[in-house]
Amino acid sequence: QKQRVHFHEFMLDVHRRLHELKGANEPLRRVADDIVERGWLVCFDEFQVTDIADALVMKQLFEELFAAGGVVVATSNRAPCDLYANGIQRQLFLPFIPLLEARCIVHSIEESKTDYRLAIGNTSESAHIYLHEGDEVGWDEATRRLIGRPPRIVKVELKTASGRLVKAPKADLNARAAWFSFDDLCGGNTGASDFLCLAGAFDVIFLDEVPTLDMRDLNRTRRFITLIDALYEANVIVVIRAAAEPSRLFVADKSAVLDEGHGDLIGDATYLHKGARDEAFAFDRTASRIIEMGST
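Residues numbered from 1 in each chain as written. Predicted model: local features only at pLDDT ≥ 70, side-chain atom pairs only at ≥ 80, totals over all residues. Heavy atoms only, no water.

1. Things to note about the sheet that holds strand S1 (residues 2-6)
- Ordered by their spatial adjacency, three strands build an open sheet running S1-S2-S3, and the pairing between neighbours is parallel. Only two strands of the sheet have a single partner each, and these edge strands are S1 and strand S3 (71-74). On average, each strand axis in the sheet is tilted by 20° relative to the strand beside it, whichever way the strands run.
- Across five bridges, the pairing between S1 and strand S2 (residues 41-45) is parallel. Across the sheet, Val 5 pairs through a bridge with Phe 44, a residue of S2. (Pairing = 2+ DSSP bridges. Helix = DSSP H or I, 4+ residues; strand = E, 2+ residues; numbered from the N terminus. Axes fitted to C-alpha atoms, helices over the stretch in contact; angles between N-to-C directions.)

2. Some words on the sheet that holds strand S4 (residues 130-132)
- The strand order S4-S10-S8-S7-S6-S5 describes an open sheet built from six strands, whose pairing is mixed. At either margin of the open sheet sits one strand with a lone partner, and together these are S4 and strand S5 (154-159). Taking the axes of each pair of neighbouring strands and ignoring which way they run, one obtains an average angle of 30° across the sheet.
- For strand S7 (residues 177-181) and strand S8 (residues 204-210), the ladder comprises five bridges, and the chain directions are parallel. The residue of S8 that forms the bridge with Phe 180 is Leu 207.
- Contacts between helix H9 (residues 218-233) and the sheet are confined to S8 and strand S10 (237-242), with S8 contributing the most and set at about 160° to the helix. (Contact = heavy atoms within 4.5 Å.)

3. Some remarks on the confidence of the model for the protein chain
- Predicted confidence across the protein chain gives a mean pLDDT of 83, with 83% of residues reaching 70 or more.
- Segment residues 120-128 is flagged for pLDDT under 50; beyond a separation of four residues in sequence, or across chains, it makes twelve contacts in the model.
- For the stretch residues 254-273, pLDDT sits under 50, and the model shows 40 contacts to residues farther than four places along the chain or on other chains. (pLDDT = per-residue confidence, 0-100.)

4. What about the packing of aromatic side chains?
- Under the counting rule described, the total for this entry stands at 17 aromatic pairs.
- An angle of 25° between the planes, with centres 4.2 Å apart, marks the rings of Phe 7 and Phe 47 as stacked. Within this pair, whereas Phe 7 is found in helix H1 (residues 7-20), its partner Phe 47 is found in the loop between S2 and helix H3 (52-67), the two being separated by 40 residues in sequence.
- Overall, Phe 47 belongs to the buried group, its relative accessible area being 5%.
- Taking the centre distance of 5.5 Å and the plane angle of 65° together, the rings of Tyr 84 and Phe 93 count as edge-to-face.
- Pairwise contacts between aromatic rings join Phe 7, Phe 10, Phe 44, Phe 47, Phe 62, Phe 66, Tyr 84, Phe 93 and Phe 96 into one cluster.
- A cation over a ring is seen here: Arg 289 above Tyr 232, with NZ or CZ 4.0 Å from the ring centre. (Phe/Tyr/Trp six-rings, centres within 6.5 Å; stacked < 30°, edge-to-face > 60°. Buried < 20%, exposed > 50% of the residue type's maximum accessible area, 1.4 Å probe, protein only. Lys NZ or Arg CZ within 6 Å of the ring centre and 35° of its normal.)

This is how it looks when you write it as structure tokens:
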């Protein structure tokens with residue numbers, strides 16, 4: 001009667017079902033009925049809206065979900081009133097906010113000083129697979145320990161649920177392992193659907209050349225956050241070689257002057273200064289997830 005799902009994955013599935021139901025009567029009602037049939041208590045991890053396609057269907061989707069008897073529990077970096085801040089055509093999204101506030105009780109945990117993910121992570125059995133740049137010995141040892149033999153490297157192309165191609169330039173299919181640089185996954189036109197595809201295909205992912213990031217590099221930062229979220233949810237083992245400790249990979253400099261070419265993924269530059277706090281909060285979660293995954 002209950003289901004737990006990452007919000008990115010949930011919305012990708014909604015759009016897939018809407019595509020399948022194209023031309024049918026009341027498609028959102030049918031999608032909502034299917035969701036509730038799988039479990040009336042729907043628990044969302046990382047409830048966030050960054051895509052106009054999601055924003056435009058949100059109100060009707062959740063109206064139908066609540067009407068079908070669904071109950072929503074969610075975690076988010078933002079209060080309902082701040083969702084999709086400065087998003088494209090946000091005025092079309094705004095009617096969803098009072099609906100969410102009326103149907104859900106909002107609890108703020110910003111004042112909590114305890115990160116419960118850290119309480120169960122970093123055990124001796126899983127430690128020592130977060131490495132500093134240049135640590136070839138540790139990298140080779142992690143490969144030997146997790147693969148158990150010399151890797152048999154091939155190039156692989158995968159398909160997302162929507163048919164988009166995702167390339168893995170170095171993979172060992174028998175070991176269900178793949179090797180990527182940071183820019184392979186976070187430096188280009190990649191997103192949640194790509195990362196979910198990789199998380200379903202591989203049990204171990206080696207991620208090299210992770211740099212320190214700041215407010216001038218928001219797009220790569222957000223992709224990295226989304227990547228770790230996807231791998232965390234899928235229980236993928238992640239071996240990371242990075243320029244700093246997890247807690248020091250992202251520096252939220254609220255006074256940074258941002259270039260025009262480093263705009264927000266979903267809005268204009270007015271969001272960026274307010275976003276410094278949001279990104280710092282989100283990256284704190286990412287750092288603690290890396291630790292919980294045993295990668296430090």
